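The chain contents come next:
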Amino acid sequence: MKEKKTIVLAGNPNVGKSTIFNQLTGRNQHTGNWTGKTVEISEGICETEHGIFRIIDLPGTYSLYSRSPEEEIARNYLMGEDFDSVMVICDGTCLERNLNLVFQVMEICPSVMVCINLMDEAEKKGIRIQLEKLEELLDVPVIGISAHSRSSVEKCRQFLETAGKQKKCLIPAKDIRTRMKEAEAVCRQVVSAQPYPDQRDRKLDRIFTSRKTGFPVMFLLVVFILWMTIFGANGFSDFLLTVNFWAGEKLKIILEQMDLPRWFCGLTADGIFRVTGWVVSVMLPPMLIFFPLFSLLEDFGYLPRAAYNMDRPLECCKACGKQALTMCMGLGCNAAGITGCRIIDSPRERIIAVLTNVFMPCNGRFPTILMVISIFFTSGAVWKSSLISAVCLTALIIFAAALTLLVSRILSETLLKGVPSFFVLELPPYRKPQIGKVILHSVRDRVLFVLMRAVMAAAPAGALIWILANVKENGSSLLAVCTEFFEPLGQVMGLDGVIFTAFLLGFPANEIVMPIIIMAYLAQGAIGNVTGLEEIGEILLSNGWNLQTAVSFLIFSIAHWPCAASAAAVRRETGKISWMILSCLLPAVTGFVLCSLINILLEII
């Protein structure tokens with residue numbers, strides 16, 4: 001019978017701990033080349049020839065002194081839970097800093113194992129580690145691996161079987177300065193470093209993080225990613241829309257032939273199916289390109305450099321530089337960006353980041369924004385049009401980032417006063433992206449996850465929209481009644497009642513805003529067979545849209561209430577309904593004020 005044991009994985013941020021966890025357990029926990037990615041405990045099973053191991057992955061932490069949520073979670077688990085051994089994962093390129101955590105774990109855990117990861121990168125940098133000598137000095141089992149190597153994974157599996165066999169007395173607790181001196185003394189004996197032969201990282205940092213080129217390179221990278229996304233997604237999206245409307249008609253015919261009630265056929269085919277199909281058609285193609293490209297940048301190690309560049313502007317706003325990482329995550333999904341705010345240590349700065357993340361346009365807003373940009377701001381060949389759209393969308397993202405900084409500053413000076421905390425960010429080494437694995441994980445963990453969440457919100461929203469468009473009162477549909485009610489407010493903002501109502505009904509998912517607008521303008525009980533930008537443009541122009549309307553629409557797309565998933569994430573992360581309500585009111589009021597001011601300004605001009 002195989003022996004059952006529980007092994008805890010601990011280690012500094014960005015040492016490859018989550019990669020080792022995934023390799024051992026076969027789980028798909030997301031890994032990224034930036035610090036503080038894992039902010040909660042994960043669990044998996046690893047089975048070897050002689051044992052079954054329950055693997056616990058703790059958040060990455062530099063120490064166990066409970067100064068941040070990650071440190072508190074890790075310390076509480078090690079102090080209060082039952083397990084057989086702790087495997088401390090260390091970075092072979094900076095062993096001295098990692099040994100501080102090793103000593104702290106040895107103070108509270110009788111069975112400790114040390115796994116030195118990134119041995120391949122250490123070798124490239126001319127670093128040699130005497131593993132046998134290190135094992136002798138620490139008096140605990142030590143192994144050296146490279147987590148991306150299959151042979152190293154098998155070696156690590158065999159290493160697990162030694163867990164708990166060498167229990168020893170706890171080492172006496174000492175202050176941090178003493179531990180740092182001991183770590184330095186150990187490294188002098190086991191680490192030998194040759195002159196650093198690879199200057200690639202320093203050369204790239206001179207480009208990505210310098211004051212002269214840092215921001216221009218960020219701008220060009222964003223333009224490139226968005227251009228590739230737009231250029232590659234347009235044709236596929238049109239094809240999916242055509243298939244969606246064709247399938248919707250066929251489904252309706254089949255349901256009617258089954259002698260089902262007419263209202264049920266309309267609700268199912270015209271409401272739920274068509275709205276959900278629209279969401280899939282406009283979301284899936286861009287996500288299949290944007291998320292993998294974004295993940296490749298992340299795996300390469302660029303995101304921490306972007307955070308480094310944004311540190312000074314955020315410091316001026318009395319916010320944390322780590323907020324830049326959560327802003328980048330918000331471009332993919334605001335709910336994920338809000339959850340990612342856990343990496344910010346200061347409660348005050350964490351709440352600021354949570355409340356302002358919604359200003360970053362997420363992937364769900366991109367399709368609608370791109371439609372409006374393509375109709376009113378671009379023309380010419382496909383490649384030229386997509387490039388102009390990418391530049392316009394990048395400018396809109398820069399505007400959103402500036403708005404995030406401004407609102408963060410206002411919050412820091414009013415509701416959430418305080419001094420910005422010290423920002424320590426580890427710049428990880430540049431790594432060659434594992435293209436196949438990154439794309440696979442991106443599609444599985446990000447694209448499908450975000451798409452399924454959008455579909456789950458779009459299906460009931462489609463039913464509600466159909467009901468509002470088909471239930472009539474005094475000859476007018478409930479949707480028409482709502483649009484007439486909000487018409488004065490929309491006019492003040494440079495919009496109309498239809499657009500404002502669409503944003504309200506789009507609360508479950510931002511992707512359904514444009515379908516609602518089209519349905520209301522056509523005065524039909526279902527989304528018409530509209531499959532191209534030209535047809536959508538004709539509908540908008542015939543209903544009073546102009547350049548002024550498009551500008552107000554784009555601004556309100558940036559600054560309005562969060563979607564349902566993001567609002568729920570705010571409630572979950574802050575623990576208070578009041579913060580969730582504020583997260584809805586803050587961008588909505590900001591958007592109303594900006595749209596109204598711009599509308600007045602354009603009227604004068």
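Remember, predicted model here, so these are calculated numbers, not experimental data.

Scoring rules and cut-offs
Residues numbered from 1 in each chain as written. Predicted model: local features only at pLDDT ≥ 70, side-chain atom pairs only at ≥ 80, totals over all residues. Heavy atoms only, no water. pLDDT = per-residue confidence, 0-100. Helix = DSSP H or I, 4+ residues; strand = E, 2+ residues; numbered from the N terminus. Contact = heavy atoms within 4.5 Å. Expected span 1.5 Å × (residues − 1). Buried < 20%, exposed > 50% of the residue type's maximum accessible area, 1.4 Å probe, protein only. Phe/Tyr/Trp six-rings, centres within 6.5 Å; stacked < 30°, edge-to-face > 60°. Lys NZ or Arg CZ within 6 Å of the ring centre and 35° of its normal. Pairing = 2+ DSSP bridges. Axes fitted to C-alpha atoms, helices over the stretch in contact; angles between N-to-C directions. Parallel < 35°, antiparallel > 145°, perpendicular 65-115°, else oblique. Nonpolar A, V, L, I, M, F, W, Y, C, P; charged D, E, K, R; others polar. Polar contact = N/O pair within 3.5 Å; in protein donor to acceptor, adjacent residues only side chain to side chain. Core = buried A, V, L, I, M, F, W, Y, C linked by side-chain atoms within 4.5 Å. Salt bridge = Lys/Arg side-chain N within 4 Å of Asp/Glu carboxyl O. Right-handed = clockwise from strand over helix to strand, strands pointing away. 1 Å grid on protein atoms, 1.4 Å probe; cavity = no way out; pocket = protein on both sides within 12 Å on 5 of 7 lines; lining within 4 Å. Points joined across faces, edges and corners; volume = space filled by probe spheres on them.

## Digging into the confidence of the model for the protein
Then step 1. The pLDDT averaged across the protein works out to 84; a share of 92% of its residues lies at or above 70.
Then step 2. Ranking the elements of the protein by mean pLDDT puts strand β9 (residues 472-473) last, at 80, and helix α23 (residues 547-558) first, at 93.
Then step 3. For the stretch residues 30-38, pLDDT sits under 50, and the model shows 43 contacts to residues farther than four places along the chain or on other chains.

## Let's talk about α23
Then step 1. Here α23 spans 17 Å end to end across twelve residues, near enough to the 16 Å set by a 1.5 Å rise per residue.
Then step 2. Looking only at α23, the buried set comprises Q548, T549, A550, S552, F553, L554, I555, F556, S557 and I558.

## Describing the packing of aromatic side chains
The description of two aromatic rings rests on the distance between their centres and on the angle between their planes.
Then step 1. What the rule picks out here adds up to 19 aromatic pairs.
Then step 2. Where Y77 meets F83, the ring centres are 6.4 Å apart and the plane angle is 15°; that geometry is what we call stacked. The two residues Y77 and F83 agree in class, both being buried.
Then step 3. Taken together, the aromatic side chains of F376, F485, F486, F500, F503, W545, F553, F556 and W561 make up a single cluster linked through ring pairs.
Then step 4. Above the plane of the ring of Y430 lies R305, whose end atom (NZ or CZ) is 4.0 Å from the centre.

## Some words on the environment of T229
Then step 1. Of note, T229 is situated in helix α9 (residues 214-257).
Then step 2. Through-space distance from the C-alpha of T229 to that of L504 is 28 Å; in sequence the pair is 275 residues apart.
Then step 3. Ignoring sequence-local partners within four residues, the contact set of T229 consists of P286, I289 and F290.

## Section: the pairing of strand β3 (residues 51-57)
Then step 1. Along β3, five of the seven residues are buried, which leaves the element largely enclosed by surrounding structure.
Then step 2. By the bridge criterion, seven bridges tie strand β1 (residues 3-11) to β3 in an arrangement that is parallel. Across the sheet, residue E3 finds its bridge partner in β3, namely G51.
Then step 3. Alignment of strand β2 (residues 42-47) against β3, held across six bridges, turns out to be antiparallel. Pairing of E47 across the sheet is with I52, part of β3.
Then step 4. Here β2 folds back onto β3, and the loop between the two strands holds three residues.

## Quick look at the packing of helix α10 (residues 262-300) against helix α15 (residues 366-376)
Then step 1. Across the interface, α10 lies against α15 with an axial gap of 9 Å and an inter-helix angle of 95°. Taken together, the axis directions place α10 and α15 in an arrangement best described as roughly perpendicular. Listed contacts from α15 to W278, V282, M283 and F290 of α10 are F366, P367 and M371.
Then step 2. When its residues are assigned to classes, the contact of α10 with α15 shows seven nonpolar, no polar and no charged.

## Some points on the packing of α10 against helix α12 (residues 323-332)
Then step 1. Running from N to C, α10 and α12 cross one another at 155°; their axes reach a closest spacing of 10 Å. With respect to each other, α10 and α12 are oriented roughly antiparallel. Here F290, F291 and F294 of α10 come into contact with α12, specifically with C328, M329, L331 and G332.
Then step 2. In terms of residue class, the contact of α10 with α12 is made up of six nonpolar, one polar and no charged.

## Some remarks on the sheet that holds β1
Strands in a sheet are paired, the pairing made by backbone hydrogen bonds, and the direction either parallel or antiparallel.
Then step 1. Judged by pairing direction, the sheet is mixed, and its six strands sit side by side in the order β2-β3-β1-β4-β5-β7 without closing on themselves. The sheet is open, and its two borders are formed by β2 and β7 (142-144), each paired with just one other strand. For this sheet the average axis-to-axis angle between neighbouring strands, irrespective of direction, equals 25°.
Then step 2. Inspection of the sheet shows strand β4 (residues 85-91) paired to strand β5 (residues 112-117) by six bridges, in the parallel sense. Residue I89 lies in a different strand from β5, and its bridge partner there is C115.

## Let's talk about the environment of S542
Then step 1. By secondary structure assignment, the location of S542 is in helix α22 (residues 533-542).
Then step 2. When the C-alpha atoms of S542 and Q194 are compared, they prove to be 71 Å apart, with 348 residues separating the residues in sequence.
Then step 3. A polar side-chain atom of S542 sits 3.4 Å from a polar atom in the side chain of N543.

## Remarks on the nonpolar core
Then step 1. Residues W278, L393, I517, W545 and F553 are the most contacted members of the largest nonpolar core, which totals 117 residues.
Then step 2. Counting residues per element, this core draws most heavily on α10, at eleven residues.
Then step 3. Once residues lying within four places of it in the same chain are set aside, the contact partners of L393 are L226, F366, I369, L370 and I373.
Then step 4. V8, I56, A122 and V140 belong to the second largest nonpolar core, which has 36 residues in total.

## Some words on the pattern of salt bridges
Then step 1. Within the structure shown, the criterion is met by 14 salt bridges.
Then step 2. D57 serves as the salt-bridge partner of K17, at 2.8 Å between the closest nitrogen and oxygen. Remark: D57 occurs in strand β3 and K17 occurs in helix α1 (residues 17-25); sequence separation between them is 40 residues. Of the two residues, K17 and D57, neither departs from the other in class, the shared state being buried.
Then step 3. For E573, the salt bridge identified is with R342, shortest N-O distance 2.8 Å. Linking E573 in helix α24 (residues 564-574) with R342 in the loop between α13 (334-340) and α14 (347-356), this pair joins segments that are 231 residues apart in sequence.
Then step 4. Connected through shared salt-bridge partners, E107, K174, R179 and E182 make up one network.

## Things to note about the pairing of β5
Then step 1. Most of β5 is tucked away: six of the six residues are buried.
Then step 2. Neither face of β5 is open: one carries V112, V114 and I116, the other M113, C115 and N117, and all of them are buried.
Then step 3. Handedness of the crossover joining β4 and β5 through helix α3 (residues 95-108): right-handed.
Then step 4. The sheet contact formed by β5 and β7 spans three bridges and is parallel. Paired with C115 across the bridge in β7 is I143.

## With respect to empty space enclosed by the protein
Then step 1. According to the stated counting rule, one finds two cavities of 30 Å³ or more in the structure shown.
Then step 2. Each pocket or cavity is described by its volume, and for the largest cavity that value is around 50 Å³.
Then step 3. Lining the largest cavity, in full, are R365, T368, I369, F503, N510, V513, F553, S557 and H560.
Then step 4. Going through the elements one at a time, α15 and α23 are the ones with two or more residues in the lining of the largest cavity.
Then step 5. Residue composition of the lining of the largest cavity, grouped by class: four nonpolar, four polar and one charged.
Then step 6. Volume-wise, the second largest cavity comes out at about 40 Å³.
Then step 7. As for the second largest cavity, its lining consists of I20, Q23, I145, A147, S152, V153 and C156.
Then step 8. Counting only elements with at least two residues in the lining of the second largest cavity, the list comes to α1 and α6 (150-160).
Then step 9. It is α6 that contributes the most residues to the lining of the second largest cavity, three residues altogether.

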